[in-house]
Amino acid sequence: MKLPISWLQDYIDISDYDVEALAHLLTMAGLEVNSIQLVGLPMPEESTHEFKISGLSWPKDKFVVAQVNEVLPHPDADKLTLCRLVDDEGEHIVLTGAPNIYHLKGIGPLEKPLKVAYAKLGAELYDGHQPGWVLTKLKKAKIRGVESSSMVASEKELGISEEHEGIILLPDDAPTGMALAEYMGDAVFDIEILPNNVRNACVYGVAREIAAFTGRALKPLDLRYEEAGDSITGQAMIEITDPALNPRFVVGLLKGAQTVPSPYHVQRRLRLAGVRPINAIVDATNYAMLEIGEPLHAFDYDILTRRAGGKAPTIITRTAAQGEKLTTLDGVEHTLEDYTILVTDTAGPLSLAGVMGGLESEVQDNTANVLLEGANWNYVNIRRLTKKEHITTEAAYRFARDLHPSLALDGVKLGLRYMQAWAGGTIAKGLVDNYPLPYSEPVNTLSVDFVRARTGIPAITAREIADLLARLDFHCSVSGDTVTVTAPGYRKDISEGVVGKADLLEELTRLYGYNNIPHTRLADTLPPQKPNFGFEMRNRLEDLLSALGMTQTISYRMTNPADEARVLPEQSVLDDSHYVVIANPSTPEWTVMRRSLLHALLKTVEKNSRVDERIAVYEIGPVFLPVAGEKLPNEEHRLALALSGVRERGSWNRAARKNDWIDFYDLKGVVEAMLQLATAEVTYEPAEHPSFHPGKCARVLCGGVELGVFGELHPQAAEHYTFGKAPVLAGEFDLVKLIEALAPKRELVPVPNFPPVLEDLAVVVDEETSAAAVEAVIRKGGGDLVTEVRLFDIYRGAQVGAGKKSLAYALTYQSMDGTLSDKDAAKIRKKIIGRLEYELKAKLRE
Amino acid sequence: MTEEQTNILDQLEAVRAEALEALRGAKDENDLLAWRARYLGKAAPVMAAFQQLRNAAPDLRPLIGQKANEVKNALEAALTEFGEQVKQARLRASLAGDKLDVTLPGRQPERGRLHPTTQTLREIYRIFAEMGFQVFQSTEVELDEINYGKLNFPLHHPARDMQDTFFTTDPDVLLRTHTSPGQYHAMRHFHPEPIRVILPGMCYRYEQVTYRSEIQFNQVELLVVGENVTFGDLIGTLEDFVHRMFTPDTHIRLRPNYFPFTEPSAEMDVECFICGGKGCQVCKHSGWLEILGCGMVHPNVLRNGGYDPEKYSGFAAGMGPERITMLKHHITDIRYFWGNDLRFLQQF
């Protein structure tokens, strides 16, 4: 909400506050000031500012009120005029091209001199001829032979509005020579109005908050006006169809008004508040709304009468028929839903209740008789309409936040008062006030113990509670240690019961000052602490992978099916039934929640393939798998790993070997290291997975439970990404199973006290025989005394013959009971060899 | 003394002088070995003097023997001393010739790391764990009824405008806009025990992705429920957190705010820890940084969670680990976080 602070001064004296102090006061009260725009007032002096401040200051010696006594023709330019004016220093001749005084040119000394905003030599102001806000400084210059070093200013030049059609003409009583900042300097606060704070979306609401927080006197609203016309009774009738949707409807009648412009200060304040001035009638409705927060609507009474066939109009409020149409005053035709509340008359719809007036019955250029509406509406219906039709109006903004019905009456009175003052006319006696559903103010009881226990304010008394709440107009009565509190008759955000008490605690602590509450440590019982195995193991897994040289990444969880299909060779796009689908995606890139963490990680590899020659990354996170018959998807947490690039980075003394890329066994090494301390035996089996090379893909099992798969990316899948030359190795694991496999359950294997026997063994086997099979046979043959089997060489070639390979192992024999002799070792070796020959037809290679 | 006597003794003295002179000329261990062979070996003159001792007159023998011993010992001592000098000199020469350029780069093992958000989350977990808060997690795809309804956002309430929501094609299901649905889940899980948890996790809001706003972001939420929890406890707990997360003398301030699920509600600012409140670019010259929203759990939320709001009270607070990371490391563009550029990630 934009609020010119000069307006506050009408209701509370804040003249001793500088703009920042005032903004601070409001912010700490919960009315956060987002920014301050200076319109004349001086910039606060401190170099650091709590608030974003922009705009223009009008130094007192550079900007003053001046009086133009005569408008003279320019000797050499027909469109320009010369003002003979007086300021605080004397008489000056000032050049201007303002069209709004052009008609006074050459008529001699003015009978009614003009009051203008005068900027002197050296003044800094906005360039009126340039778009946007460009600062310029007044310098001595000659324009067509006439010296020009000062100017009479427009609103744009002073930073008040975009208005640059003519110069500002101030009221006649503006004191000549007075500093302009003193006369009408202002600052506009942009205040954040919280959703439950609609009562403060107006000048009077903000003034009331300042009064509550400073203890200063709030001037009462002046709702008086003269009722000189006939009684309104019989001139307008109101029928409310559903009081739950329209609890109150008030109208007043003004006859004989004129559609003249409003006084200058009204127009200026409206512009500063972001509302366009139209004429005195319309401006009065807007001005009253900005002042006390009740949106008003002015109907042309004669049009209503005409629609009623010449009789007194009857206003009927009802919901729309499904599909009913209405064209609003912005020219848009709306097709309405049946929850839309309409203001109608006997001839049909007039306006969207609480949202926007209709085109037909709005105030015209020649309107003289005005029926002024102030009403109260159910916020839910207003909100549904504005959401559906995407309408944002000042009225809808306020009604959608639930206004108090008392404002309808005050609003009409204030509106009539201003309308008559600025547009003239005669106000009919009385108002029509149809109020079928009166709102009763909630009453709550607070005990001192409750307040102390919830706020932590230790010694607060019933009297202090009552005094604090009374500052915001709560009616409080104290009885012993309890305070009975009735909410003021202008707000609807206070409930009853336990919620009402919380509402009151909020107001109480706000007034007490959040920052005055003593800071304490939790003294309440510590809850029972529960195991959190999955969470803790996940942290350990992250640490483990980082220790293995892997960098953790976090990707966007949204994707689109076509993009995700890249992870498969044939790129078959899954239909939406496989996905959690976003109903309102922000971009076509992000239409569903991901199913593949592997794909997300491959995108990271893709992105970095030109950034780094060696990539080692992992990601842990959920994938989202819809479950038939369930509302929510299965959020399966996974681990994805990827490696790609050079095995070793080149160094000053270690040249990078060409094409020495990371391969399957590097990734397998990471997986092995990760699972080194697994709870059960970890085994690797050849696996088939569409994303991976059919010959370079393994399944990992721990105690027979599959944990995941990894391998070299299938070349056809890899083609769908922009990778570097190196193959990409990747894998995807089930996080829950992985974490179970890594549970810290291992029992210690005692460290032997006797020396081991080390020996090498090379065997020739068929090419098809797997290394795992050879190792298994070695272990079976050697029994428990074989404690380590390490493959250190594989040889293929002429020496072993075609279709054969030689595997060389370093074996460790170790007994816990004593030192093994050469004879013992030979015995073990013999058993191993016998097994290998028998089971694998292996031959010892000497 | 006879001439013979004098002759032998003089010869021994001459040998000593000659040998010591020769020793000074030795340059390396080979010279020393040759010297030892010559002056202390079996054929050396001193050794010969011992051989000749039996030919000498018996009364002269002690004198000559004494002298020969004296010379032999002197030569051995000189050898030991000079040998040590030669060894030291050789070592010096060898060290001097074996000098590395220590400014050449070392051979680094590949270093992995946690994502910066994880690092910040871990710090938050650690601080709150020491205050008795356990981590509690819930899902990212959530029911509208829990994300909003159970948290006291009635349908059509203006507070729903505060959070722009990603909905799914099932109108009852959305991407959680905050971690607060975890409040409901935690209450249902812990009821009727008191609660002290933190709720971390990814949240989603319909935003344009810019340097300052993201469609997905982490939140960490605090939830305390008990029979004796005060607003003062909330402020004190947050202050303790701030003193550990930032600096021990960081000031805090609370401003009234509105959240449907807390009342009273507040926004908490910390004094800018970059400039100490004097004003800088990070705090936009205000001296304060807005870091979290908080408040006392709303009675309706307690009731929805199974706790009687007349008996129980509680507080909640929510903060963004990405924002805290950005403030701590002067990161000015939030898009780095999920961009996964290794040049970003490897700076942490």
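Refer to the structure printed above.
Residues numbered from 1 in each chain as written. Chains lettered and ligands numbered in written order. Predicted model: local features only at pLDDT ≥ 70, side-chain atom pairs only at ≥ 80, totals over all residues. Heavy atoms only, no water.

**Quick notes on the interface of chain A and chain B**
Thinking step 1. The interface is formed by 93 residues belonging to chain A together with 106 residues belonging to chain B.
Thinking step 2. Both faces combined, the contact of chain A with chain B buries some 8,500 Å², and carbon together with sulfur accounts for 55% of it.
Thinking step 3. Between A:Arg649 and B:Glu110 there is a salt bridge; the shortest N-O distance is 3.0 Å.
Thinking step 4. If you look at where chain A meets chain B, you find 50 residue pairs in polar contact (both at pLDDT 80 or more).
Thinking step 5. Of all elements in the fold, only α2 (19–28), α9 (379–389), α12 (448–455), α14 (497–512), α15 (533–547), β30 (551–552), α17 (597–608) and β33 (614–625) of chain A reach the threshold of two or more residues within the side of chain A that touches chain B.
Thinking step 6. Sorting elements by how many residues they give to the side of chain A that touches chain B places α14(A) first, with nine residues.
Thinking step 7. Residues of the side of chain A that touches chain B, tallied by class, amount to 41 nonpolar, 27 polar and 25 charged. (Contact = heavy atoms within 4.5 Å. Buried area = accessible area lost by both parts, 1.4 Å probe. Salt bridge = Lys/Arg side-chain N within 4 Å of Asp/Glu carboxyl O. Polar contact = N/O pair within 3.5 Å; in protein donor to acceptor, adjacent residues only side chain to side chain. Helix = DSSP H or I, 4+ residues; strand = E, 2+ residues; numbered from the N terminus. Nonpolar A, V, L, I, M, F, W, Y, C, P; charged D, E, K, R; others polar.)

**Regarding the pattern of salt bridges**
Thinking step 1. Tallied over the entire structure, the rule returns 81 salt bridges over all chains.
Thinking step 2. Taking the shortest distance from any N to any O, the salt bridge between A:Arg84 and A:Glu91 comes out at 3.1 Å.
Thinking step 3. The class of A:Glu91 is partly exposed, set by a relative accessible area of 49%.
Thinking step 4. Here B:Glu140 ties to A:Arg557 by a salt bridge, and the two come within 2.8 Å at their closest N and O atoms. Here B:Glu140, found in the loop between β1 (134–135) and β2 (141–143), pairs with A:Arg557, found in the loop between β30 and β31 (558–559), and the two come from separate chains. (Buried < 20%, exposed > 50% of the residue type's maximum accessible area, 1.4 Å probe, protein only.)

**Considerations on empty space enclosed by the protein**
Thinking step 1. For the structure shown, the criterion picks out four cavities of 30 Å³ or more.
Thinking step 2. There is about 150 Å³ of room inside the largest cavity.
Thinking step 3. In terms of lining residues, the largest cavity is bounded by 18 residues, among which A:Arg454, A:Ala502, A:Leu505, B:Glu263 and B:Met296 are the most central.
Thinking step 4. Top element by residues in the lining of the largest cavity is α14(A). It accounts for five residues. (1 Å grid on protein atoms, 1.4 Å probe; cavity = no way out; pocket = protein on both sides within 12 Å on 5 of 7 lines; lining within 4 Å. Points joined across faces, edges and corners; volume = space filled by probe spheres on them.)

**So, the packing of helix α6 (residues 264–272) of chain A against helix α7 (residues 280–292) of chain A**
Residue and element names in this part refer to chain A.
Thinking step 1. Between α6 and α7, whose axes approach to 11 Å, the crossing angle comes to 60°. The orientation of α6 with respect to α7, classified from their angle, is oblique. Every pair of crossing elements has a handedness; the one defined by α6 and α7 is left-handed. Residue-level contacts link Val266, Arg269 and Leu270 of α6 to Asp283, Asn286, Tyr287 and Leu290 of α7.
Thinking step 2. When its residues are assigned to classes, the contact of α6 with α7 shows four nonpolar, one polar and two charged. (Axes fitted to C-alpha atoms, helices over the stretch in contact; angles between N-to-C directions. Parallel < 35°, antiparallel > 145°, perpendicular 65-115°, else oblique. Left-handed = near helix turned anticlockwise from the far one by under 90°.)

**A few points about helix α5 (residues 203–214) of chain A**
Residues and elements named next belong to chain A.
Thinking step 1. Taking 1.5 Å as the rise per residue, α5 with 12 residues should run 16 Å; its terminal C-alpha atoms sit 16 Å apart, in good agreement.
Thinking step 2. The buried fraction of α5 is high, at 10 of 12 residues.
Thinking step 3. Within the sequence span of α5, burial applies to Val203, Tyr204, Gly205, Val206, Ala207, Arg208, Glu209, Ile210, Ala211 and Ala212.
Thinking step 4. Buried residues in α5 make contact with β1 (2–4), α1 (5–8), α2, β14 (186–191), α7 and α14.
Thinking step 5. Trailing α5 by a residue or two, Gly215 shows a phi angle of about 80°, which is positive. (Expected span 1.5 Å × (residues − 1).)

**Some points on the packing of aromatic side chains**
Thinking step 1. Tallied over the full model, the rule gives 29 aromatic pairs over all chains.
Thinking step 2. Relative to A:Phe723, the ring of A:Tyr721 has its centre 5.1 Å away and its plane inclined at 15°; by these criteria the two rings are stacked.
Thinking step 3. A:Tyr721 gets classed as buried once you look at its relative accessible area, which sits at 5%.
Thinking step 4. Between B:Tyr307 and B:Tyr312, the aromatic rings sit 5.0 Å apart at their centres with planes inclined by 80°, giving edge-to-face as the arrangement. (Phe/Tyr/Trp six-rings, centres within 6.5 Å; stacked < 30°, edge-to-face > 60°.)

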